[in-house]
Amino acid sequence: MIRLRIQVAHWPRRSLVLTDTPRPACPNCAGDGGTPHDYGDYNGEYAGTDWEPCTCWDETRRWLLMPLPRLPRALRRTPPGGYSNEPPF
């Protein structure tokens, strides 16, 4: 059974996509969608984590609903929080 949700994708352009989600009651992944496996280098030090996806969902199953419009240039240049009306001294 497919459990769908709407998500914002950022590549190659911002758009709304309909995507599958992991089964919440899955006994293998407990709803996380996969199992992380830590591994080490030849000295036994932590070197990273591999992700093994669970069979309860397909992370590549997604459908494009619509591309989102781009912001005007004036809004893209505005700093976070907007401009201040305080004097610079």
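Quantities reported herein were computed from a predicted structural model and do not represent experimental measurements.

1. Looking at the pattern of salt bridges
Right, so step 1: Considering all chains together, one arrives at one salt bridge under this definition.
Right, so step 2: Where Asp20 meets Arg61, a salt bridge forms, and the shortest distance between an N and an O atom there is 3.8 Å. One end of the pair, Asp20, is in strand β2 (residues 15–20); the other, Arg61, is in the loop between β4 (46–53) and β5 (62–67), and 41 residues separate them in sequence.

2. As for the environment of Cys26
Right, so step 1: Secondary-structure assignment places Cys26 in the loop between β2 and β3 (34–40).
Right, so step 2: By relative accessible area, Cys26 is classed as buried at 5%.
Right, so step 3: Taking the C-alpha atoms as reference points, Cys26 and Trp57, separated by 31 residues in sequence, lie 9.9 Å from one another.
Right, so step 4: For Cys26, the residues in contact, after removing those within four places along its chain, are Gly31, Cys54 and Cys56.

3. Structural notes on the pairing of β2
Right, so step 1: Alignment of strand β1 (residues 4–9) against β2, held across six bridges, turns out to be antiparallel. From the neighbouring strand, Ile6 faces β2, where its bridge partner is Leu18.
Right, so step 2: Hairpin connection from β1 to β2: five residues lie between these consecutive antiparallel strands.
Right, so step 3: As judged from the five bridges shared by β2 and β5, these two strands associate in the antiparallel manner. When the sheet's bridge partners are listed, Leu18 is paired in β5 with Trp63.

4. Some points on the sheet that holds β5
Right, so step 1: Across the sheet, which stays open at both edges, the three strands sit in the order β1-β2-β5 with antiparallel pairing between neighbours. Of all the strands in the sheet, just β1 and β5 have a single pairing partner and so form its edges. Between one strand axis and the next, the sheet turns through 30° on average, direction left out of account.

Procedures and definitions
Residues numbered from 1 in each chain as written. Predicted model: local features only at pLDDT ≥ 70, side-chain atom pairs only at ≥ 80, totals over all residues. Heavy atoms only, no water. Salt bridge = Lys/Arg side-chain N within 4 Å of Asp/Glu carboxyl O. Helix = DSSP H or I, 4+ residues; strand = E, 2+ residues; numbered from the N terminus. Buried < 20%, exposed > 50% of the residue type's maximum accessible area, 1.4 Å probe, protein only. Contact = heavy atoms within 4.5 Å. Pairing = 2+ DSSP bridges. Axes fitted to C-alpha atoms, helices over the stretch in contact; angles between N-to-C directions.

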